[in-house]
Amino acid sequence: AVLKAFNYHYNPETGEHWKKEKKHIEHDELFERDKLIKHIISKSTKNNFLKDFFGTYKYFFGGKKGDKRYDYIYENELTIFENGSVEVKNPFNGHTYKGYATIKTDACLQIISYDFEGIFLDGIGNLLTFKIDKYAKKALLIPGVISSLGAKSEIMFAQALLCTELSLTKKDKIIREYFDMLAQPLRLYSPDIRDVEVLVTKYF
């Protein structure tokens, strides 16, 4: 147990022990994460409609317009694999998030991605829900919403858009018009606890 705590391998047959290299530790962590995702997928309901959505997409979601330093539209790459697992690549922080996809009531495509702290599950990262119908697999743009936590752990919901055309970016007119004209408001935040306490004090 002591050897393991200090990242050493131990062979009880020979009595040999040696220190793990960092790359082995990282590989073990990734292996543990993959095992957890595979277990979740194995317990999820299988749906024949999901096979229509295997492949790689762009997905966009709206942010606050107040801060002029950053664009208010965010862009990510999302891949749904044949086993139902999902990878979401965030170019802003360079992270790749893992999760799984499912079809809910044949009307919504849901994608759940997870956050990890080392080998431990740190909760759901994002819950994406897109409105689909029997023509959705042929659609260029599929509307939806995202539920997530902000940088300061604010609970938030935002307008989201799944795009089947990988050449489109957040700079293209069709994407910007969607968020400027069709998807309002762009993001909804829950009130701050302090603000709620002020309200409670006012009336009680």
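This report concerns the structure included in the present document. None of the values given here were measured: they were computed from a predicted structure.

### Section: the nonpolar core
Counting residues in each nonpolar core, the largest one holds 23 residues, and the members touching the most others are L78, I80, L109 and I111. Only β3 (55–62), β4 (73–80), β5 (85–89), β6 (96–104), β7 (108–117), β8 (120–131), β9 (141–149) and β10 (155–163) provide two or more residues apiece to this core. Here L109 is in contact with L50, F53, I80, A101, T102, I103, L128, T129, F130, I132 and L162, once residues within four sequence places are set aside. Core analysis: the next-biggest nonpolar cluster, separate from the first, contains ten residues, F60, Y72, L161 and C163 among them.

### Re the packing of aromatic side chains
Taken as a whole and judged by the stated rule, the model has three aromatic pairs. Considering the side-chain rings of Y59 and F61, the 6.0 Å spacing of their centres and the 25° angle between planes classify their relative orientation as stacked. The pair formed by Y59 and F61 is uniform in burial state, with each residue classed as buried. For the pair F61 and Y74, a centre-to-centre distance of 5.1 Å together with 15° between the ring planes defines the contact as stacked. A residue pair is termed long-range when its members are at least 10 positions apart, and F61 in strand β3 and Y74 in strand β4 qualify at 13 residues. Taken together through their ring pairs, the aromatic side chains of Y59, F61 and Y74 make up a single cluster.

### Here we look at helix α3 (residues 173–182)
Inspection of α3 places I175, R176, Y178 and F179 among the buried residues, and these make up the whole buried set. Down the axis of α3, the buried side of the element spans an arc of 155°, and every buried residue falls inside it. Exposed residues lying more than 90 degrees from the buried face of α3 are K173, E177, M181 and L182. Tucked inside the fold, the buried residues of α3 contact β3, β4, β9 and β10.

### Examining the layout of surface pockets
In this model, the largest pocket occupies a volume close to 1400 Å³. Lining the largest pocket we find 40 residues, and of these N90, F92, N93, L149 and A151 sit closest to its centre. Among the secondary structure elements, those contributing two or more residues to the lining of the largest pocket are α2 (22–43), β3, β4, β6, β7, β8, β9 and β11 (187–189). Of the residues belonging to the lining of the largest pocket, the class tally is 18 nonpolar, ten polar and twelve charged.

Parameters at a glance
- Residues numbered from 1 in each chain as written.
- Predicted model: local features only at pLDDT ≥ 70, side-chain atom pairs only at ≥ 80, totals over all residues.
- Heavy atoms only, no water.
- Core = buried A, V, L, I, M, F, W, Y, C linked by side-chain atoms within 4.5 Å.
- Buried < 20%, exposed > 50% of the residue type's maximum accessible area, 1.4 Å probe, protein only.
- Helix = DSSP H or I, 4+ residues; strand = E, 2+ residues; numbered from the N terminus.
- Contact = heavy atoms within 4.5 Å.
- Phe/Tyr/Trp six-rings, centres within 6.5 Å; stacked < 30°, edge-to-face > 60°.
- Arc of directions from axis to C-beta.
- 1 Å grid on protein atoms, 1.4 Å probe; cavity = no way out; pocket = protein on both sides within 12 Å on 5 of 7 lines; lining within 4 Å.
- Points joined across faces, edges and corners; volume = space filled by probe spheres on them.
- Nonpolar A, V, L, I, M, F, W, Y, C, P; charged D, E, K, R; others polar.

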